[in-house]
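These are the residues of each chain, in order.
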Amino acid sequence: MTGSKDGERRLGMGTFSFNPRIASDLGIRPVSSPTMSKLAEMSLKPTEVSVGTTPDSKFDLLTARVEAAEAELVSARRREVAALERVWDLEAELQALNLEDTAVLRARLSQVEQDLETFRAAKRNADLGVLDLKTQLKSAKEELARVRRSPTHRVGEAVMAVALDWRRLFALPAKIGTLRAEMRKLALRKTDALTPTAATSESLALSEAAIARADKDGVEAAAAWVRDQRPRASVLSRALLDLARHIRPSDPGAAVSLARAAVEADPNEGRVKHLAFVLMDVGEVSKAIEVTRAALAGGVPFNATEMRRHEELSALERLKIAGAGLPDAAARRGAAKSVLLYAPQSLPSHWSATSLRTHALALAFRAAGWAAEVVTAPGYPANAKTMVPDRIDGIVYNRLPAIDVAAHLFDEHARAAGRALAEFASSRDASILVASTAAPSAHAAAIAARLAGLELVLDCITLTRAHQERPTERDTILIGLEDELLRAADAVLVRDDFFDDRLSDAGVPEDRIVAIGDAAPTLPHEGDAPNWRADPALAGRTVLGYIGDPHEDLDLESLPDVVAALVADGLDVGLALFGVGTRFQKLRDRAEQAGLGGRVLLAGRPRLGQIDEAFETIDVILAPASPSCDRRARSRFEIAEALAHRRVVIASGPVAAELRDRVVLVGDGGATSVAAIARAAAEVVADPERRAALAAAPGADTSAQGLEALASRLERAR
């Protein structure tokens, strides 16, 4: 058999054509290049085999083909290994690029937030400056009209009229005599009218001087000093307004008085709107809504944010008049031990005290033999593209579609959300509805429980408290609403002893109060967590830090000062912060300004499955209380969560009674100085054995007993 270029093959006297496509369909593959080379070495033509070929030559041919195939396989494997190594290199480069991009974006975000805060402050000053300029313009127009009515101007008009018509000259003497008499009368009049010609800088200068004097001599002395300067009405109003804003956090009552005085000093045009919102900020409702309504009636323009605040005032006024407005209760229904938890936010979209507590409570219900599901507030999460439920640790998180009522319309939103929640609870055949005592959630849940015939259980994790001995009008409204909802609940879950006085004042019977303690869930791991401990800021050091939400009642701003004090004492410590928001960014900036930039790691918020690794990064959790906030308005989940992860906790302020033995408590339950926190931290850092003992201290989980007591309580109520 001989080969030819046109694909023909000859055998004996016959001839046939070789079609490569047909050969491929039959499973016959062409001979590879290495095989052809092997055949060439054997001095054989690749497609020529004589009729009389011996079996040995056929065997040699097959052997050559096998060896060639093995050689090609080895070469392919080498190419595969090289390709995999290249892929790994590219992945490493991509990861490094992503980390670099994240750092760049974080820096840009921090800069944008700082710029935004600067722009907001500038806008506030510009708004007030515009009001001052409008006041000056109006005064100038009034002065121009007064000049035109003056005898001097009218004499000038009479003289100019003579130039246009000479016959008016004969009437000029009489007209001049009349105007002269008017000028004598005006000269005899006394006036204390002042023409406002000062620039806006006058207002700013007076405000700055008033604030400085308030810090030195007190607010009353500062306000009296401002009045003694006898400034124009607009300048006086501006100074009193700035003074009210300055003292609002520390003395809301005095801020209300100053805001009212500012309204009386300049009840004119747009300034009234701004002063009304100052009244709102310091807790006034009736006076603020009265002022905003008058401004709207007078044609003062409101932007979208200002209109939203006006509507919020209207909602608070309605709550003050009508209360919660709960409907009549329907007949009890639903399957036994079937519980539905209602939450404003949840996993996996939010990592917060609210979401983690909700998850822990759902797991506790399930462990106690209850059928438990979670449903979130209507429209949550805002960026959801589908209403498909999430499932975490076997707990189903259901979503409700958005409603048309805005959340700042408290009463109307609660009614709309309550109807949607009642309909969903009925579809799940639930018999018990659990919600937090936060007014928006509790209000909607109470309405839903009445409509659907459910037993209402409120989880007491936060309650409104007055910011001073005499509560503001806003505080009074919210406290009254919460008290009404607490009385409407079939049971109240408490996690600590923070709210005993509030529950007693609300008139909640003791047999409805069920203590369940506080617990934090352990979430499944999610991928490989970053090695935060290997960061140069923390490597080889004892790490202090904080993980969680930036609560207002925590003095997070003192953490860099504590680290600075320990470093000054010769202790090698670092600071790790896990959280998001402008406040954490400012903490890092403050540490860098103090020369601690190389000891601080701002890691952002870890993934849900990496929270354990985040806690392992920190040796000592710091939770100092803020001196300017009421620290008994919420349960302190950050302490319970840290103890659940076997961390040492140094805290000041109130701590739950069952946790006090496991916490290094500084002070007597109130706010303490940075020096006291630093001394406690130094003792713990310098004593590794004590640190290990504190971290290993066992804690009692009372949630199971609490839920059994809850079941018994509800069974008796049925």
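Because the structure is predicted, anything quoted here is derived from the model rather than measured. Residues take numbers from 1 onward in each chain, read along the sequence in its written order. Per-residue local features are limited, in this predicted model, to residues with pLDDT of at least 70; the limit for side-chain atom pairs, both in listing and counting, is 80 or more; totals at the level of whole chains, interfaces and linings are taken over all residues. With hydrogens and water stripped out, all remaining heavy atoms of the structure feed into the side-chain values.

Undergrad: Would you mind going over helix 15 (residues 439-452) with me for this structure?
TA: Counting along an α-helix, one turn takes 3.6 residues, and residues three or four places apart therefore face a common direction. We count a stretch as a helix when DSSP gives it H or I for four or more residues in a row; a strand needs E for two or more, and each element gets its number in order from the N terminus. Multiplying one less than the number of residues by 1.5 Å gives the expected span of a helix. End to end, helix 15 covers 20 Å across 14 residues, agreeing with the expected 20 Å (1.5 Å per residue, within 8%). Accessible area is worked out with a 1.4 Å probe on protein chains only. A residue is then buried under 20% of its type maximum, exposed over 50%, and partly exposed in between. Judged by how many residues are buried, helix 15 sits mostly within the fold: 11 of 14 residues are covered. Residues A439, S441, A442, H443, A444, A445, A446, I447, A448, A449 and A452 constitute the buried set of helix 15. We call two residues in contact when some of their heavy atoms are within 4.5 Å. Where helix 15 is buried, its residues contact helix 12 (304-322), strand 3 (338-343), helix 14 (410-427), strand 7 (432-436), strand 8 (455-460) and helix 16 (473-488). Looking one or two residues past helix 15, G453 carries a phi angle of roughly 70°, positive in sign.

Undergrad: How should I be thinking about the pattern of salt bridges in this particular structure?
TA: A side chain with one charge may pair with a side chain of the opposite charge, provided their charged atoms come close. Salt bridges are identified by distance alone: a Lys or Arg side-chain nitrogen within 4 Å of an Asp or Glu carboxyl oxygen. Within the structure shown, the criterion is met by 28 salt bridges. Across the pair D411 and R415 runs a salt bridge whose closest N-O atoms are separated by 3.9 Å. Of this pair, D411 and R415 both sit in helix 14, four residues apart, which is roughly one turn of that helix. A relative accessible area of 4% places D411 in the buried class. We classify R415 as partly exposed; its relative accessible area is 34%. R660 is the salt-bridge partner of D497, the closest N and O atoms lying 3.5 Å from each other. Residue D497 is located in the loop between strand 9 (491-494) and helix 17 (500-506), and its partner R660 is located in the loop between strand 15 (648-652) and strand 16 (664-666); the two are separated by 163 residues in the primary sequence. With relative accessibility at 37%, the residue R660 sits in the partly exposed group. Salt bridges sharing common partners tie together R318, D411, E412 and R415.

Undergrad: For this particular structure, what's the right way to read the sheet that holds strand 15?
TA: Pairing between sheet strands relies on hydrogen bonds along the backbone, with the strands arranged either parallel or antiparallel. Note: two strands are recorded as paired if DSSP finds a minimum of 2 bridges between them. In spatial order, the strands read 13-12-11-14-15-16; together these six strands make up an open sheet with parallel pairing. Strand pairing shows two members of the sheet lacking a second neighbour, strand 13 (600-602) and strand 16, which therefore form its edges. Taken pair by pair, the neighbouring strands of this sheet meet at an average axis angle of 20°, ignoring direction. Strand direction decides the pairing type here: strand 11 (residues 542-547) and strand 14 (residues 620-623), joined by two bridges, are parallel. Within the sheet, the bridge partner assigned to L544 lies in strand 14 and is V620. For helices, the fitted line uses only the C-alpha atoms of the stretch in contact; every axis is such a line through C-alpha atoms, and the angle between N-to-C directions lies from 0 to 180 degrees.

Undergrad: Looking at this model, I keep getting lost on the pairing of strand 6 (residues 395-398). Mind explaining?
TA: The side chains of a regular strand alternate, first on one face of the sheet and then on the other. Residue alternation in strand 6 divides its side chains into two sets, I395 and Y397 and V396 and N398, and both sets are buried. The sheet contact formed by strand 4 (residues 371-376) and strand 6 spans two bridges and is parallel. Bridge assignment links V374 to a residue of strand 6, and that residue is Y397. Taken together, the three bridges between strand 5 (residues 390-392) and strand 6 define a ladder with antiparallel strand orientation. Residue pairing across strands places R391 opposite V396, the latter belonging to strand 6.

Undergrad: How should the confidence of the model for the protein be read in this particular structure?
TA: Per-residue pLDDT for the protein has a mean of 79; in total, 77% of the residues score no lower than 70. Confidence drops under pLDDT 50 across residues 1-53; counting only partners more than four residues distant or on other chains, this segment forms 40 contacts. Confidence per residue, as judged by the predictor, is encoded in pLDDT with a range of 0 to 100. Considering only residues more than four positions removed or in separate chains, one finds that residues 190-199, a stretch of pLDDT under 50, has eight contacts.

Undergrad: Can you help me understand the nonpolar core in this one?
TA: Looking at soluble globular proteins, one finds that nonpolar side chains tend to be buried together. By nonpolar core we mean a set of buried residues, namely Ala, Val, Leu, Ile, Met, Phe, Trp, Tyr and Cys, connected to one another through side-chain atoms within 4.5 Å. L341, F365 and I650 are the most contacted members of the largest nonpolar core, which totals 86 residues. The biggest single contributor to this core is helix 22 (residues 674-685), with eight residues. Discounting chain neighbours no more than four positions away, the residues touching L341 are T358, L361, A362, F365, A372, E373, V374, V375 and V434. With 84 residues, the next largest nonpolar core counts V235, A244, A414 and A506 among its residues.

Undergrad: Could you clarify how one ought to interpret the sheet that holds strand 10 (residues 513-515) in this entry?
TA: An order of 5-6-4-3-7-8-9-10 is seen for the eight strands of this open sheet, with the pairing classed as mixed. Two strands lie at the open edges of the sheet, namely strand 5 and strand 10, each paired on one side alone. Neighbour-to-neighbour, the strand axes of the sheet open up by a mean angle of 25°, direction not taken into account. The sheet strands contacting helix 13 (residues 353-367) are strand 3, strand 4, strand 5, strand 6, strand 7, strand 8 and strand 9, and the helix crosses strand 3 at an angle near 180°. Of the strands in this sheet, strand 3, strand 4, strand 6 and strand 7 are in contact with helix 14, which crosses strand 3 at around 150°.

Undergrad: What am I meant to see in a nonpolar patch on the surface here?
TA: Patch rule: a residue counts if its relative accessible area is over 30% and it has no salt bridge; like charges are joined within 9 Å, and nonpolar side chains (Val, Leu, Ile, Met, Phe, Trp, Tyr) within 5 Å. The protein chains shown are the only cover counted for residues, whose accessible areas, like all others here, come from Shrake-Rupley with a 1.4 Å probe. A cluster of nonpolar side chains, namely L84, V87 and W88, defines an oily patch on the protein surface of about 290 Å² accessible area. Among the secondary structure elements, W88 is positioned in helix 3 (residues 55-149).

Undergrad: I tried to follow the environment of D572 on my own but got confused; where do I start?
TA: Take D572: it is sitting in the loop between helix 18 (559-568) and strand 12 (573-578). Its relative accessible area of 39% is what places D572 among the partly exposed residues. Considering only alpha carbons, one finds D572 and R541, 31 residues apart in sequence, at a separation of 5.7 Å.

Undergrad: I keep staring at the packing of aromatic side chains and nothing clicks. Help me out?
TA: Each aromatic ring pair is characterised by the separation of its centres together with the angle its planes make. Side-chain rings of Phe, Tyr and Trp (the six-membered ring for Trp) are treated as a pair once their centres are within 6.5 Å; stacked means planes under 30 degrees apart, edge-to-face means over 60, and tilted covers the remaining angles. Counted under the stated rule, the structure contains four aromatic pairs. Taken together, a centroid distance of 6.4 Å and an interplanar angle of 70° make the contact between F498 and F499 edge-to-face. Residue classification places F498 among the buried residues on the basis of a relative accessible area of 1%. The exposure class of F499 is buried, given its relative accessible area of 2%. Ring centres 5.0 Å apart and planes at 85° place the aromatic pair W532 and F578 in the edge-to-face group. Separated by 46 residues along the polypeptide, W532 in the loop between strand 10 and strand 11 and F578 in strand 12 bring together distant segments of the chain. Just as W532 is buried, F578 falls in that class too.

Undergrad: Would you mind going over the packing of helix 14 against helix 15 with me for this structure?
TA: Helices that pack against each other are described as a pair by the angle of their axes relative to one another and the distance between those axes. Orientation of helix 14 relative to helix 15, taken along the N-to-C sense of each, is 45°, at an axis distance of 7 Å. The pairing of helix 14 with helix 15 is recorded here as oblique in orientation. Along this stretch, helix 14 crosses helix 15, giving a crossing that reads as right-handed. Between helix 14, through F410, D411, A414, R415, A417, G418, R419, L421, A422 and S426, and helix 15, the contact on the second element is made entirely by H443, A444, A445, I447, A448, L451 and A452. Gly falls in the polar group here, along with every residue not listed as nonpolar (Ala, Val, Leu, Ile, Met, Phe, Trp, Tyr, Cys, Pro) or charged (Asp, Glu, Lys, Arg). When grouped by side-chain class, the residues that make up the contact of helix 14 with helix 15 number 11 nonpolar, three polar and three charged. Between 65 and 115 degrees an angle is taken as roughly perpendicular, under 35 as roughly parallel, over 145 as roughly antiparallel, and anywhere else as oblique. Note on convention: the crossing is left-handed when the near helix lies turned anticlockwise from the far helix by less than a right angle, right-handed when the turn is clockwise.

Undergrad: Can you help me understand the environment of G156 in this one?
TA: Inspection of the secondary structure puts G156 in helix 4 (residues 151-164). Measuring from C-alpha to C-alpha, the distance between G156 and I176 comes to 10.0 Å, with 20 residues separating the pair along the chain.

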